[in-house]
Amino acid sequence: MDIVIKVLQFILSFSLLVIIHEFGHFFFARLFGTRVEKFYLFFNPWFSLFKFKKGETTYGVGWIPFGGYVKIAGMIDESMDTEQMKQPVQPWEFRAKPAWQRLLIMVGGVVMNIVLAVCIYIGISYTWGDNYIASKDVKYGYVFNDVAKEIGLRDGDKIIDVAGEPVEDCARILQTMIFDQAPYVTVERVGTAMRIDIPETDTAKILDTKNFMDIRVPFVIAQAAKGGGAAKAGLQPGDTLIAFNGVGMRYFDEYQQAFSAHKGEQVNLGIARDSGGVTKIITVPVEISNEGLIEAKLVPINELIPISTHRYSFLESIPHGIKLTGTEISSYAKQIKLLFSPKTEAYKSLGGIMTLGSVFPTYWSWEAFWHITAFFSIVLAIMNILPIPGLDGGHVLFLLVEVITRRKPSDKFMERATTVGFILILALLIFANGNDIYRFFIK
């Protein structure tokens, strides 16, 4: 059922983004009196799942669930309708329009995706506001994986700033480190500020690893599973583990390691238990399973570390939504830049459809859905504006050349450029989805 929910969210989000994008082209085309012959969600070689005609335009749904398109009369596009281009130019065709109108038609999809992102972020700001864990409230520091420890970070470090700039939302620390290719971070370790340098070559290692850093929390029990070691030992909700076999131990990550090293054994755990407002310290024997667990559910992190919340009125949400859109555009542009940096090897982390779908949660959350959809809308806008023939950005590039040189590229040149562009795009799709297959099924 979890995978079904993910797939449904992905299809709904993707369909919305494609329709809005293609509507942008459609709107400006019709605004300037240009005929739109087809408006399709998904691609439809050989046949369509559904279609109808209204006026001069056929609307439909294709059977290949990837992308969509509008077929604009008198234009070299993904339809590669070269026969139409051999006919005399008609006043209602794309090629008959002045360059500035053709430019607006081509950027219409990108504009609509940005507008959609702004609208979604305004709605999110007004409905849910900002909910995040502030870096200053991460009082127990972070837990780091082996890659982070190779760089010099240690469990319990509190990150003060990234390259001299404080990051308010702790969830954005890693993102800032990677996208800004930060040369160092400043941490607080046992009350002392320390600088940890991050070599540029380590960016590749950071991108290729999971769980680089997690918020550190104490081991506080929410519920002991029936029949498990915690329940048999009489552990209760609210109990906090403070010692392991007589040695002081406070944090969940420390107990994970200790339990893993003593699988199938009985150990003595020190427990701090509230009893009528008085904290009692007791020691109890607990059985650890063969999987290295005491089978207890932990108290959620938001009950151990405060969640910062900022609410916005409708008028306040408008500039905030615009600001969020700008922030995400900047963030994704930095990701694109990383892809072209050989030292970072960021291209290895490029993902396809499975990576995109895996971003959605296994439960239905409208807040999460709209956050992801807004970000994907920005991704779609930026990817389409790249100056690659076959994409909107390729057409824009040739139009700008035409405006500057006052010479229009020949139809033959546009056909060949579009073919080359499609080959590049296909190669990129194969590479990205190949990465998915390796990442999800082989690695």
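Further up the page is the structure itself.
Report follows, based on the coordinates. (Residues numbered from 1 in each chain as written. Predicted model: local features only at pLDDT ≥ 70, side-chain atom pairs only at ≥ 80, totals over all residues. Heavy atoms only, no water.)

The next point concerns the overall build of the chain. If you tally the helices and strands in the chain, you get 13 helices and 15 strands. Among the 443 residues that make up the chain, the fraction classed as buried is 44%. In the chain, the share of contacts with a sequence separation of at least 24, taken over all contacts with a separation of at least 6, comes to 65%. When the accessible surface of the chain is totalled, it reaches about 23,500 Å², and 62% of it is carbon and sulfur. (Helix = DSSP H or I, 4+ residues; strand = E, 2+ residues; numbered from the N terminus. Buried < 20%, exposed > 50% of the residue type's maximum accessible area, 1.4 Å probe, protein only. Contact = heavy atoms within 4.5 Å. Areas by Shrake-Rupley, 256 points an atom, 1.4 Å probe, with all protein chains shown as cover.)

This next bit is on the sheet that holds strand β11 (residues 247-248). As summarised here, the arrangement of the four strands in space is β11-β10-β12-β13, forming an open sheet in which the pairing is antiparallel. With partners counted over all chains shown, the strands left at the sheet margins are β11 and β13 (278-287), one partner each. With 10 bridges joining them, strand β12 (residues 266-275) and β13 adopt antiparallel strand pairing. Bridging from a neighbouring strand, V267 pairs with V286 of β13. Contacts from helix α8 (residues 252-261) reach β10 (240-244) and β12 within the one sheet, and its direction differs from that of β10 by about 50 degrees. (Pairing = 2+ DSSP bridges. Axes fitted to C-alpha atoms, helices over the stretch in contact; angles between N-to-C directions.)

Quick look at the pattern of salt bridges now. Within this structure, the stated rule accounts for 15 salt bridges. Between K149 and D155 there is a salt bridge; the shortest N-O distance is 3.1 Å. Across the pair D180 and K334 runs a salt bridge, and its minimum N-O distance is 2.6 Å. Here K334 lies in helix α9 (residues 314-339) and D180 lies in the loop between α5 (173-179) and β6 (184-189), a separation of 154 residues in the sequence. By relative accessible area, which is 40% here, D180 ends up partly exposed. (Salt bridge = Lys/Arg side-chain N within 4 Å of Asp/Glu carboxyl O.)

In this structure, N211 takes a positive phi of about 55 degrees despite not being glycine. Mapped onto the fold, N211 is located in the loop between α6 (202-207) and β8 (213-215).

Relative to each other, helix α3 (residues 99-127) and α9 sit at 130 degrees, their axes nearing to 7 Å. The angle between α3 and α9 places the two elements in the oblique class. Of the two elements, α3 crosses α9, and the hand of that crossing is right-handed. Residues I114, A117, V118, Y121, I122, S125 and Y126 of α3 pack against F314, S317, I318, H320, G321, I322, L324, T325, E328 and I329 of α9. (Parallel < 35°, antiparallel > 145°, perpendicular 65-115°, else oblique. Left-handed = near helix turned anticlockwise from the far one by under 90°.)

This part takes up empty space enclosed by the protein. One way to see where empty space is left: roll a probe the size of a water molecule over the atoms. Using the criterion set out here, one finds two cavities of 30 Å³ or more in the structure. The space that makes up the largest cavity amounts to roughly 190 Å³. In this structure, the largest cavity is lined by 15 residues; those nearest its centre are F94, R102, H395, K408 and M414. Residue contributions to the lining of the largest cavity peak at four residues, all from helix α12 (residues 392-405). Per-class residue counts for the lining of the largest cavity are eight nonpolar, two polar and five charged. Of the pockets and cavities examined, the second largest cavity occupies roughly 40 Å³. (1 Å grid on protein atoms, 1.4 Å probe; cavity = no way out; pocket = protein on both sides within 12 Å on 5 of 7 lines; lining within 4 Å. Points joined across faces, edges and corners; volume = space filled by probe spheres on them. Nonpolar A, V, L, I, M, F, W, Y, C, P; charged D, E, K, R; others polar.)

The terminal C-alpha atoms of α9 lie 38 Å apart, and with 26 residues this matches the ideal 38 Å at 1.5 Å per residue to within 8%. Listed as buried for α9 are S317, H320, G321, L324, T325, E328, S331, Y332, I336 and L338. Where α9 is buried, its residues meet α3, β3 (130-132), α5 and α11 (366-385). (Expected span 1.5 Å × (residues − 1).)

Of all hydrophobic cores here, the largest spans 30 residues; its most connected members are Y142, L153, I173, V185 and F212. Of all the secondary structure elements, the ones that give two or more residues to this core are β4 (142-144), α4 (146-151), β5 (158-162), α5 and β6. (Core = buried A, V, L, I, M, F, W, Y, C linked by side-chain atoms within 4.5 Å.)

Per the stated rule, a full pass over the model turns up 34 aromatic pairs. Seen in terms of ring centroids, F10 and F360 are 6.4 Å apart; in terms of plane orientation they differ by 75 degrees. Their pairing is edge-to-face. Linking F10 in helix α1 (residues 2-31) with F360 in the loop between α10 (353-358) and α11, this pair joins segments that are 350 residues apart in sequence. Here F10 matches F360 in class, with each residue buried. Seen in terms of ring centroids, Y332 and F375 are 5.9 Å apart; in terms of plane orientation they differ by 85 degrees. Their pairing is edge-to-face. Here Y332 is found in helix α9, whereas its partner F375 is found in helix α11, with 43 residues between them in sequence. Relative accessible area serves as the criterion here: at 11%, Y332 is assigned to the buried category. With a relative accessible area of 22%, F375 lands in the partly exposed category. Above the plane of the ring of W92 lies R35, whose end atom (NZ or CZ) is 3.7 Å from the centre. (Phe/Tyr/Trp six-rings, centres within 6.5 Å; stacked < 30°, edge-to-face > 60°. Lys NZ or Arg CZ within 6 Å of the ring centre and 35° of its normal.)

The next point concerns the environment of T373. As for its placement among the helices and strands, T373 is situated in helix α11. In sequence terms T373 and Q256 are 117 residues apart; their C-alpha atoms lie 36 Å from each other. If we skip the residues at most four places from it in the chain, T373 touches S13, L16, L17 and I120.

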